[in-house]
Amino acid sequence: MQIRLASDKDLDNLVPLFNAYRQSLGSVSDPTGVREFLSARLAENDSVIFVAMDEHNAVGFIQLYPSYSSLHLKPLWYFDDSYVTPAYRDHGVADLLADKAMELAGETDVLCVRRTLVDANTSVVLDTETGDRSIYQVLAER
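In the nomenclature of an unreviewed UniProt entry, the protein corresponds to GNAT family N-acetyltransferase from the organism Shewanella litorisediminis.

In C-alpha cells:
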C-alpha cells in the first residue's frame, strides 16, 4: 500500500472514490461536479489530498483544508473528507492515511488537525485508540 500526495494525474482514480464518499453521506451521484471540484482543489493548491494506492488502484483518500489560529499564530488543518473503499476497510488504510496527514502536519509546523463530527455509519478516519470521532488531535503542546 502506497500513501502519497495526489496530483491532477490521479483525477480518474479519485473521482469515483470521492463520488462514493459523498454518496455515503447522502449526496446524489455527481461525477462531473466531483471532477470539477477536485480539479480545482488540485489546480489552486488550496487543499492537500493524500491517496492510498494498491498497485494501480486508488482505494482511499484524505483531504485536508488549511486554516489558521490567530490565538496561536500558527496554521491548522481541517478534514471532513476521508474515505476507504469497502473492500479495504479494516485493513489499516484509514490509519495509514491519517498517519501520513499527521506526519506532514508535524513537518510543516501545523498546530493541529481538526475534524467535525460525522455520522458514525460512514467510513471516516477516527482515533483507533479512543474511538473519538469528535473535535481534534493536537500535534504538540504549544
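Alright, that's what it looks like, and here's the rest.
**Some thoughts on the environment of Pro86**
Note on placement: Pro86 falls in the loop between β4 (74-84) and α3 (93-107). Separated by 26 residues in the primary sequence, Pro86 and Gly60 place their C-alpha atoms 9.6 Å from one another.

**Some details on the pairing of strand β3 (residues 57-69)**
Of the strand pairs in this sheet, strand β2 (residues 48-54) and β3 are connected by 7 bridges, and their pairing is antiparallel. When the sheet's bridge partners are listed, Val51 is paired in β3 with Phe61. Pairing analysis gives 9 bridges linking β3 to β4, with the strands arranged antiparallel. Bridging from a neighbouring strand, Ser67 pairs with Leu76 of β4. The antiparallel pairing of β3 with β4 creates a hairpin that spans 4 residues between the two strands, and Leu73 there sits at a positive phi of about 55°.

**Section: the pattern of salt bridges**
On inspection of all chains with the given rule, the structure shows 5 salt bridges. With a closest N to O distance of 2.8 Å, Asp10 and Arg4 form a salt bridge. Here Asp10 falls in the buried class, since its relative accessible area comes to 4%. The class of Arg4 is partly exposed, set by a relative accessible area of 24%. A salt bridge links Glu103 to Lys100; the shortest N-O distance between them is 3.9 Å.

**Regarding the environment of Asp54**
Along the chain, Asp54 falls in strand β2. In this structure, the C-alpha to C-alpha distance between Asp54 and Ile3, residues 51 residues apart in sequence, is 9.1 Å. Those residues in contact with Asp54, other than ones at most four positions away along the chain, are Met1, Val59 and Tyr88.

**Side note on the confidence of the model for the protein**
Looking at the protein, the pLDDT average stands at 78 and 77% of residues meet or exceed 70. Across the protein, helix α2 (residues 31-44) holds the top mean pLDDT of 95, while strand β6 (residues 136-138) sits lowest at 34. Low pLDDT, under 50, characterises residues 117-142; the stretch is placed with 55 contacts to residues that sit more than four places away or in other chains.

**A short note on α3**
An ideal rise of 1.5 Å per residue puts 21 Å on 15 residues; α3 measures up with 21 Å between its terminal C-alpha atoms. Along α3, the residues that are buried comprise Val93, Leu97, Ala98, Ala101, Leu104 and Ala105. Here the buried residues of α3 occupy an arc of 140° about the axis, which is enough to place them on one side. Across α3 from its buried face, at more than 90 degrees, point the exposed residues Asp99 and Glu107. Looking one or two residues past α3, Asp109 carries a phi angle of roughly 60°, positive in sign.

Rules behind the numbers
- Residues numbered from 1 in each chain as written.
- Predicted model: local features only at pLDDT ≥ 70, side-chain atom pairs only at ≥ 80, totals over all residues.
- Heavy atoms only, no water.
- Helix = DSSP H or I, 4+ residues; strand = E, 2+ residues; numbered from the N terminus.
- Pairing = 2+ DSSP bridges.
- Salt bridge = Lys/Arg side-chain N within 4 Å of Asp/Glu carboxyl O.
- Buried < 20%, exposed > 50% of the residue type's maximum accessible area, 1.4 Å probe, protein only.
- Contact = heavy atoms within 4.5 Å.
- pLDDT = per-residue confidence, 0-100.
- Expected span 1.5 Å × (residues − 1).
- Arc of directions from axis to C-beta.

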